[in-house]
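Take a look at the letters that make up each chain.
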Amino acid sequence: MSRSKTLYQLQIFDSGIDQAIKRIQAIELILSDTKEFDIALKNKEEHNNILDEKRKALKSTEHNVEDQNRKIAQNQNKLYGGAVTNPKDLEDLQLESVSLHKYVSVLEERQLEAMFESDQALEIFNQSSARLEEITVRKQIESATLSTEIIYLESTISTLQEDRSTLLTGTDLLELPIYEALRKSSGGIAVTLMINSSCSSCGSNIPSAIEQEARSPTKLSFCPACKRILYPGSS
Ligand SMILES: [Zn+2]
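What counts, and at which threshold
- Residues numbered from 1 in each chain as written.
- Predicted model: local features only at pLDDT ≥ 70, side-chain atom pairs only at ≥ 80, totals over all residues.
- Heavy atoms only, no water.
- pLDDT = per-residue confidence, 0-100.
- Helix = DSSP H or I, 4+ residues; strand = E, 2+ residues; numbered from the N terminus.
- Polar contact = N/O pair within 3.5 Å; in protein donor to acceptor, adjacent residues only side chain to side chain.
- Donors = N, O, S within 2.8 Å, 3.2 Å for Na, K, Ca; no water.
- Buried < 20%, exposed > 50% of the residue type's maximum accessible area, 1.4 Å probe, protein only.
- Expected span 1.5 Å × (residues − 1).
- Pairing = 2+ DSSP bridges.

J.: Looking at this structure, how should I read the confidence of the model for the protein chain?
T.: Low pLDDT marks stretches whose predicted atomic positions should not be read closely. Across the protein chain, the average pLDDT comes to 95, with 99% of residues at or above 70. For the protein chain, the element scoring lowest by mean pLDDT is helix α5 (residues 208-215), at 94; helix α2 (residues 35-80) scores highest, at 98.

J.: Would you mind going over the side chain of R228 with me for this structure?
T.: Along the chain, R228 falls in the loop between α5 and β3 (229-232). Here the side chain of R228 touches S186 through a polar contact of 2.8 Å, landing on its backbone oxygen.

J.: Would you mind going over the coordination of the zinc ion with me for this structure?
T.: Coordination angles at a metal have ideal targets, namely 109.5 degrees for four tetrahedral donors and 90 or 180 degrees for six octahedral donors. Protein coordination at the zinc ion comes from C199 (SG), C202 (SG), C223 (SG) and C226 (SG), with a distance range of 2.2 to 2.3 Å. Within one chain, the residues donating to the zinc ion are spaced in sequence as C-x2-C-x20-C-x2-C. Of the two residues, C202 sits in the loop between β2 (198-199) and α5 while C223 sits in the loop between α5 and β3, which places them 21 residues apart along the sequence. Taking the relative accessible area as the measure of exposure, C202 reaches 36% and is therefore partly exposed.

J.: I keep staring at helix α3 (residues 87-169) and nothing clicks. Help me out?
T.: For α3, spanning 83 residues, the distance from its first C-alpha to its last is 120 Å, which sits close to the expected 123 Å at 1.5 Å a residue. Structurally, the start of α3 carries an N-cap: the backbone nitrogen of K88 is 2.8 Å from a side-chain oxygen of N86.

J.: Would you take a moment to explain the sheet that holds β3 for this structure?
T.: Note on sheets: strands pair through backbone hydrogen bonds, and any given pair is parallel or antiparallel. Read across the sheet, three strands follow the order β2-β1-β3 without closing on themselves; strand pairing throughout is mixed. Strand pairing shows two members of the sheet lacking a second neighbour, β2 and β3, which therefore form its edges. Here two bridges tie strand β1 (residues 191-195) to β2, and the two strands are oriented antiparallel to one another. Across the sheet, residue M194 finds its bridge partner in β2, namely C199.

Below you can see the structure in the form of structure tokens.
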């Protein structure tokens, strides 16, 4: 194997490892992002509180109507029960009856409004519950899929690492420090393909003398522009 071919092979393993690590980091970011769920949970809690309040308010209006009806019943008993005979007292009871009936219709109207508001609050609460449920299920599926992907990526990394060390064990690779330094300075890509006399990383034309050198099994040559090691794709 030519020197550049060995380095190119090493580059393929390292790029594969880099990509897998990058993807794992991206997945971890996705998995740790609970913003959508948190907002939906907060909404559901808020709507539950509102629903509780509206139901309490409804109960209170129901009690008010019941109280008023009790007062009316008492008044009607006195008025028609025969125990009160004094005309002045009967007239007072009659006036009270009119006033009690008037007020009970106000209270019944309030009860109707409270029922309407309580129904509305229940509908909103049901919607936010359904939304939370939908997010929870979706996140569970997403999390299971991504966790499986992480397991696959981790096994890819360890296979590539094994391949990498096998390659290095069988080769006396003197250029490894150059390769490592180039990886650091050139965004992880130290060895690049030379295709149709140009560098596939930066697109520069490669002069024919350098191209000849790149094709030699014993020499290493570098792109004059981006300084990466050139590997002739066709040979
Ligand atoms: Zn280049």
